[in-house]
Amino acid sequence: MNLLFLYGKPATGKLTVARELAALTGYRLFHNHLTVDLLLPVFEFGSRPFVDLRERIWLMVFEAAAKQREHGLIFTFAPETTVQPDFVSRTVDMVATAGSRVRFVELVCAMDEVYRRIDNQSRRQHGKLTSHEVYEKLESQGVFATSHMPKPEVRIDTGRLQPAAAAAQIMKELGIPRARPAG
């Protein structure tokens, strides 16, 4: 199994590009907010139970998908300071133990584009960060730093490419073929 680990700061287009990738590759999509949304009604964001359960769920899904021999899985991830420092290395180790590999893809875009995107309908529907002021505060505190992430195999500027073109570029650079039509 290929685990395509799409990461980037908020509003860089992770979910939008991931949906395009899933449609083109036939890979399953595991959006990180599914787990966040599951836990927020019970635990405060960033609390110890929230962090522990969120990461355990992520890892259990990766492991089960790898053991099930899924063709591929796409995971969207926004690096931020409530994620435990060893989460990424635990992911790589666990996926490798299951005979699969993690492929890191970083999505970036210019700050003016992030600010244009941050408060849109799709982000509000998914309970994502939508405030310019909160984004600026968190960014200035280093909450969204990506320097601890592994070097990506592919880096895409989503401010320069439309989502379908970004997905096609990722596939090309990682050597992932299009899914065969069913039938």
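Look above for the structure.
Quick caveat, the model's predicted, so the values are computed rather than measured.

(A) Representation of helix H4 (residues 87–97). Within the span of H4, buried status applies to Phe87, Val88, Thr91, Met94 and Val95. Projection of H4 onto a plane perpendicular to its axis shows the buried side chains occupying an angular sector of 130 degrees, all on one side. Summarising the geometry of H4, the exposed residues directed more than 90 degrees from the buried face are Asp93 and Thr97. Elements in contact with the buried residues of H4: strand S1 (2–7), helix H3 (48–67), strand S3 (72–77) and strand S4 (101–108).

(B) Structural detail: the nonpolar core. With 22 residues, the main nonpolar core has Leu3, Phe5, Phe62, Phe75, Phe77 and Phe87 as its most contacted residues. Looking at this core, the elements with two or more residues in it are S1, H3, S3, H4 and S4. In contact with Leu3, other than residues within four places in its own chain, are Phe62, Leu73, Phe75, Thr91, Val95, Arg101, Val102 and Arg103. Formed by 19 residues, the second largest nonpolar core is a distinct cluster that contains Ala22, Ile74, Ala167 and Ile170.

(C) Just the packing of aromatic side chains, in detail. Overall, the coordinates contain 14 aromatic pairs when judged by the stated rule. Their ring planes at 50 degrees and their centres at 5.0 Å tell us that Phe5 and Phe104 sit as a pair that is tilted. With Phe5 in strand S1 and Phe104 in strand S4, this residue pair connects regions lying 99 residues apart in the sequence. Assigned by exposure class, Phe5 and Phe104 land together as buried. Feature note: the residues Phe5, Tyr7, Phe30, Trp58, Phe62, Phe75, Phe77, Phe87 and Phe104 constitute an aromatic cluster, connected by ring pairs.

(D) A look at the sheet that holds S1. In spatial order, the strands read S2-S3-S1-S4-S5; together these 5 strands make up an open sheet with parallel pairing. Unpaired on one side and paired on the other, strand S2 (28–31) and strand S5 (154–157) mark the two borders of the sheet. Direction aside, neighbouring strands of the sheet carry axes that sit 20 degrees apart on average. Of the pairings in the sheet, the one linking S1 to S3 comprises 6 bridges and is parallel in character. By the bridge assignment for S3, Asn2 is matched with Gly72. Each of S1, S2 and S3 is contacted by H3, which is oriented at about 165 degrees to S3, the strand it contacts most. Taken strand by strand, H4 contacts S1, S3 and S4, and its axis lies near 140 degrees from that of S4.

The rules behind the values
- Residues numbered from 1 in each chain as written.
- Predicted model: local features only at pLDDT ≥ 70, side-chain atom pairs only at ≥ 80, totals over all residues.
- Heavy atoms only, no water.
- Buried < 20%, exposed > 50% of the residue type's maximum accessible area, 1.4 Å probe, protein only.
- Helix = DSSP H or I, 4+ residues; strand = E, 2+ residues; numbered from the N terminus.
- Arc of directions from axis to C-beta.
- Contact = heavy atoms within 4.5 Å.
- Core = buried A, V, L, I, M, F, W, Y, C linked by side-chain atoms within 4.5 Å.
- Phe/Tyr/Trp six-rings, centres within 6.5 Å; stacked < 30°, edge-to-face > 60°.
- Pairing = 2+ DSSP bridges.
- Axes fitted to C-alpha atoms, helices over the stretch in contact; angles between N-to-C directions.

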